[in-house]
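Results of the structural survey
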Amino acid sequence: MPTPTEILDGLTTATAQGWIIAVAWHIAMLIAIVAIALGWRPGRRLAGVLLATPLVTVSIMAWLVANPFNGTVFALLAVALILLALRLPRDAVAPAPRWAVIAGALMVIFGWIYPHFVSPEIPLGFLYRSPFGLVPCPTLSGVIGFALLANGLSSRAWSGVLAVAGLFYAIVGAFRLGVQIDLVLLAGAIALAVLAVRPDPENRVWFSAAVA
């Protein structure tokens, strides 16, 4: 099993080598944010598939820097979320409660500027080169943020899978790797879990979506 130092070195390498991918994902996030601000509300099925795509590039980068664990986990996570999303109806995402919108916006910002692995020698690098789409915690933070804005796609199954992944990586990042800012991801994952299990009729479609 790799040591924490070896894991952190691999994540730093992924951030440095994949910076073009990170910039591309920042542009994609900016487009999504502007579209949402202008009133765009994607279908739940489409939103679920789109939100899984950053996990694919995390998996690819993990394999490239010799981290088969993250490569395998994120590949399986992406497949699971896509399969669950494809079982959802095509109707537009439902409005999220105000607290979830606030939490979601904060998580998107956190995923956007996640500074830990960005070289301090790059001026304002955290604004456009933070490793969203490259390493686990910032990617999960941003995806969870958008999921909160989308009311968890009104799916307990989809949201639950994502929340569990966020909890796992937040705990590993904060307590095994010593990256204390991953406690923000922990808070976001808990918020998504709360949103998923709240007694809301919209969220009770999870069973039919999961087994239909």
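Residues numbered from 1 in each chain as written. Predicted model: local features only at pLDDT ≥ 70, side-chain atom pairs only at ≥ 80, totals over all residues. Heavy atoms only, no water.

1. Thoughts on the overall build of the protein
Going by this rule: Under the DSSP-based scheme used, a helix requires at least four consecutive residues in state H or I and a strand at least two consecutive residues in state E, with every element numbered from the N terminus. As a reference, a globule follows 2.2 Å times the number of residues to the power 0.38, and the radius of gyration itself is taken over C-alpha atoms. Think of it in three bands: with a 1.4 Å probe and only protein chains considered, a residue is buried below 20% of the maximum accessible area for its type, exposed above 50%, and partly exposed in between. In these tables, accessible area is a Shrake-Rupley quantity obtained with a 1.4 Å probe, and a residue counts as shielded only by the protein chains included in the view.
Of the regular secondary structure elements, the protein holds 9 helices and 0 strands. Each helix and strand of the protein, placed in order from N terminus to C terminus, yields the pattern α-α-α-α-α-α-α-α-α. Over its C-alpha atoms the protein spans a radius of gyration of 16 Å, differing by no more than 12% from the 17 Å that the globule rule assigns to 212 residues. By principal-axis analysis of the C-alpha atoms, the protein measures approximately 50 × 40 × 25 Å. With 212 residues in all, the protein has 49% of them scored as buried. When the accessible area of the protein is evaluated, it comes to approximately 10,000 Å², of which 75% is carbon and sulfur surface.

2. Remarks on the nonpolar core
Counted only if it meets this: In this text, buried Ala, Val, Leu, Ile, Met, Phe, Trp, Tyr and Cys residues form a nonpolar core when linked through side-chain atoms within 4.5 Å. The contact criterion used is simple: two residues touch if any of their non-hydrogen atoms lie within 4.5 Å.
One finds Leu140, Leu148, Trp158, Leu162, Leu185 and Leu192 to be the most contacted residues of the largest nonpolar core, which totals 58 residues. Where this core is concerned, the elements lending two or more residues are helix H1 (4–17), helix H2 (19–37), helix H3 (44–64), helix H4 (68–86), helix H5 (98–113), helix H6 (136–149), helix H7 (156–176) and helix H8 (183–197). With residues near it in sequence (within four places) discarded, Leu162 still touches Leu81, Leu140, Val143, Ile144, Ala147 and Leu192.

3. Some remarks on the packing of aromatic side chains
How two aromatic rings sit relative to each other is set out by the distance from centre to centre and by the angle between their planes. In plain terms, the rule: Ring geometry is summarised as follows: Phe, Tyr and Trp rings, the Trp one being its six-membered ring, pair when their centres sit within 6.5 Å, and such pairs are stacked at plane angles under 30 degrees, edge-to-face over 60 and tilted between the two.
Per the stated rule, a full pass over the model turns up 6 aromatic pairs. Relative to Phe132, the ring of Trp25 lies with its centre 6.0 Å away and its plane at 75°, an arrangement referred to as edge-to-face. Of this pair, Trp25 sits in helix H2 while Phe132 sits in the loop between H5 and H6, placing them 107 residues apart in sequence. Given the relative accessible area of 18%, Trp25 is considered buried. Pairing Phe110 with Tyr114 gives two aromatic rings, centres 5.4 Å apart and planes at 75°, and the pair type is edge-to-face. Taking relative accessible area as the criterion, Phe110 reaches 12% and is therefore assigned buried. Three or more aromatic residues link up through ring pairs in this structure, and these residues are Phe69, Phe74, Phe168 and Tyr169.

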